[in-house]
Each structure stands twice: as C-alpha cells, then as structure tokens.
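# Commentary on secondary and tertiary structure
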Amino acid sequence: RTLRYVSESSQDKIISDEDVFETLLKIFKALFINDFTRQVHILALFPEIRCKYLEILTVEQKQSKVNSSKSHHQNLSQDVFSPDEVLFNTLGFTVTRDKSSLVSAGTGVFVTRGFVPKGTVVSMYPGTVYRKHEPIFFQSLGNPFIFKCIDGILIDGNNKGLSRSVYRSCSRRDQLGPFQMSDESWLTAALQNPLAVGQYVNNCSHEKAANVCYQEFDVPGCFPLELKQYLPNIVYSHDIESHLRCVVLVTLRDIKQGEELFSNYYTVVS
C-alpha cells in the first residue's frame, strides 16, 4: 500500500519539466531581487544582468506605487524580506522543518503558512549528485538521506559529517569567479533557498497517505547563471559534461496550512 507504481521511467512526471523550470525561475528570481543589494560583484561584472533586474524592480515598484496610498517618493531600495517571506509572496506558501507528527519519525516538513494547490513544486531534495560509478561508500555509512533516482544516480542529502564536507568542497571547486554554482545554505539553519528541505520529508504510512511525490529534473543549459546560487545540488565529478540532476517534490493534492508533507520512499518501475 505504500508502493507507487510507474509503468515507464518517462512517465514518472506529475507535472512537466517546463512547469518545474518556470517555478524554479520564478522563486529564484524573486530571491535574487530581494537580495539585490548584496549581488554587487555579479552586477558590476555583468551590466546586462543589472539592467534586466533593475527593469523588473522598476516595473514592480511602479505597480506597488499605483496600489499604494502613500504619496512619498519611492526608490530602488526595496524592502528586504526573509527567504520564507519571499516564498510566501511568490508562491503563496511556506514550508518549514519541525518535529514530525509521526511517532519516532524525528524531523518532518510542514506547510506552515498559506495553501499549496495540487501539482505544485513544494520543495527540493538538496545534496551532492553521484553517478553510478562514483565512490559513495564511506558517505553512505549510517546515512538515511541518500536518494536513488530511477537511472541509478544518487543524491546525498545529509548535511553532517563527511557528506557535508564533500558538498562544500565540490561547491567551492565549481565557483566561477563571483558566481556560486550552488547553494550551501541548506547545510545550515539559515536557508537562502527555502524550498531546500525535501530530504526531511517523511515516508507515508497506512495512516498518513502520501501527499507529495518525487520528480527528477535535469537543469537545462539555458538556466540563468546568476540564479544557480540557489540550486541546492552539485555534481561530485566536475570533469563529466552533463546536466545537473535535481529532484523536486510535487503535491499530489491540495495541501492546507498546518499539514505535514509525506512522500513515498519506494517506487517500482515495471
């Protein structure tokens, strides 16, 4: 009763890759704009990026001014919100790690504010991405946070010990000048990408049916360079040309405020 059956790996999609891509772009752009004043190095090196986001800011603030009863002058120094507030303002909900409602399940993930419609990307599974031939033996010892994709790719979502060190090392290895190619904040309590909590979503049970499911997503080459700093995944081997594998969690039904997220750890592909 807790197995999810997929007739073919290509059918393991609740929503399209285009929808996943657009959702990630939407929230990452909002996070970038919210953190605009701290993106000094990127904006200085690439004026075209600065112009693009200044135009977005200007349009947003003109709309805000129209909707506001305030008469004082408004400039480009917009209010700065927490990542959780940006998530709520952009997608209409927040998700937070907290003690699970399941006995002895440890940490879980809850919708703490707002409403999540069916077919929505509600979180991401962070971690180091390993291909089938790459070494993960020592990282895997006593590690409950390793996710196996349908094609055998592994994602180590452990934020402690050797797994933590490997992720940080790979992330800093791949940094391109001022551009961070991945997000390290999921290793800490202060998340810059508020969706990066998927590794703490607990397995469903007979009493608690799954309300989200995993969906694999390969980041396309056209993904904006300035937004890669919010991707909570990094490849273990840098010398192999391939798209970065991410895993998102998509809602199977409408989820209300206060509900815990439950996934299905076991998928059978026939």
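Residues numbered from 1 in each chain as written. Predicted model: local features only at pLDDT ≥ 70, side-chain atom pairs only at ≥ 80, totals over all residues. Heavy atoms only, no water.

Taking an unreviewed UniProt entry as the reference, the protein chain is identified by name as SET domain-containing protein 9 belonging to Mesitornis unicolor.

Below, the discussion takes up the overall build of the protein chain. Along the backbone of the protein chain there are six helices and 13 strands. Within the protein chain, the proportion of its 270 residues that are buried is 47%. Accessible surface computed for the protein chain: about 13,900 Å², of which carbon and sulfur atoms make up 54%. (Helix = DSSP H or I, 4+ residues; strand = E, 2+ residues; numbered from the N terminus. Buried < 20%, exposed > 50% of the residue type's maximum accessible area, 1.4 Å probe, protein only. Areas by Shrake-Rupley, 256 points an atom, 1.4 Å probe, with all protein chains shown as cover.)

Below, the discussion takes up the sheet that holds strand 6 (residues 146–148). Reading across the sheet, the four strands line up as 6-7-5-10 and stay open at both edges, with mixed pairing between neighbours. With partners counted over all chains shown, the strands left at the sheet margins are strand 6 and strand 10 (233–235), one partner each. The sheet shows a mean angle of 25° between the axes of neighbouring strands, direction not considered. Bridge count between strand 5 (residues 127–130) and strand 7 (residues 154–156): three bridges; the pairing is antiparallel. Opposite Val-129, over in strand 7, you have Ile-155 as the bridge partner. Along the sheet, helix 6 (residues 161–173) contacts strand 5, strand 7 and strand 10; its crossing angle with strand 10, the most-contacted strand, is approximately 75°. (Pairing = 2+ DSSP bridges. Axes fitted to C-alpha atoms, helices over the stretch in contact; angles between N-to-C directions. Contact = heavy atoms within 4.5 Å.)

Backbone hydrogen bonds hold the strands of a sheet together, and the pairing may be parallel or antiparallel. Overall, antiparallel pairing links the three strands, which are arranged 4-11-9 in an open sheet. One side of each edge strand has no neighbouring strand; the edge strands of this open sheet are strand 4 (121–124) and strand 9 (212–218). For this sheet, the mean angle separating the axes of adjacent strands, direction not counted, is 35°. Summarising the sheet, strand 4 and strand 11 (residues 245–251) pair through three bridges and their orientation is antiparallel. By the bridge assignment for strand 11, Met-124 is matched with Val-248. Set on the sheet, helix 1 (residues 17–34) makes contact with strand 4, strand 9 and strand 11; between it and strand 9 the angle comes to about 90°.

Time to look at the state of the cysteines. Scanning the model with the defined rule gives zero disulfides in all. Looking at the unpaired Cys-246, the closest cysteine sulfur is the one in Cys-149, lying at 9.8 Å. Exposure remark for Cys-246: the relative accessible area of 0% places this residue in the buried category. (Disulfide = S-S within 2.5 Å.)

Across the protein chain, the average pLDDT comes to 88, with 87% of residues at 70 or higher. Scored below 50 in pLDDT, residues 69–76 shows nine contacts in the model against residues more than four places distant or in partner chains. (pLDDT = per-residue confidence, 0-100.)

On to helix 6, then. When the terminal C-alpha atoms of helix 6 are compared, their 19 Å separation across 13 residues agrees well with the 18 Å that a helix rising 1.5 Å per residue should span. Taken as a whole, helix 6 has its buried residues at Ser-163, Val-166, Tyr-167, Cys-170 and Ser-171. The buried residues of helix 6 occupy one face: seen down the axis, they fall within an arc of 125°. For helix 6, the elements touching its buried residues are strand 5, helix 5 (137–140), strand 7 and strand 10. (Expected span 1.5 Å × (residues − 1). Arc of directions from axis to C-beta.)

In this fold, Pro-224 is placed in the loop between strand 9 and strand 10. Judged by relative accessible area, Pro-224 falls into the buried class, the value being 16%. C-alpha separation for the pair Pro-224 and Ile-49, spaced 175 residues apart in sequence, amounts to 9.8 Å.

So, on to the pattern of salt bridges. Inspection of the entire model under this criterion finds eleven salt bridges. A salt bridge links Glu-226 to Lys-52; the shortest N-O distance between them is 3.0 Å. Of this pair, Glu-226 sits in the loop between strand 9 and strand 10 while Lys-52 is found in helix 3 (residues 47–67), placing the two residues 174 residues apart along the sequence. Three or more residues joined by partner-sharing salt bridges are found here, namely Asp-151, Glu-216, Asp-218 and Arg-245. (Salt bridge = Lys/Arg side-chain N within 4 Å of Asp/Glu carboxyl O.)

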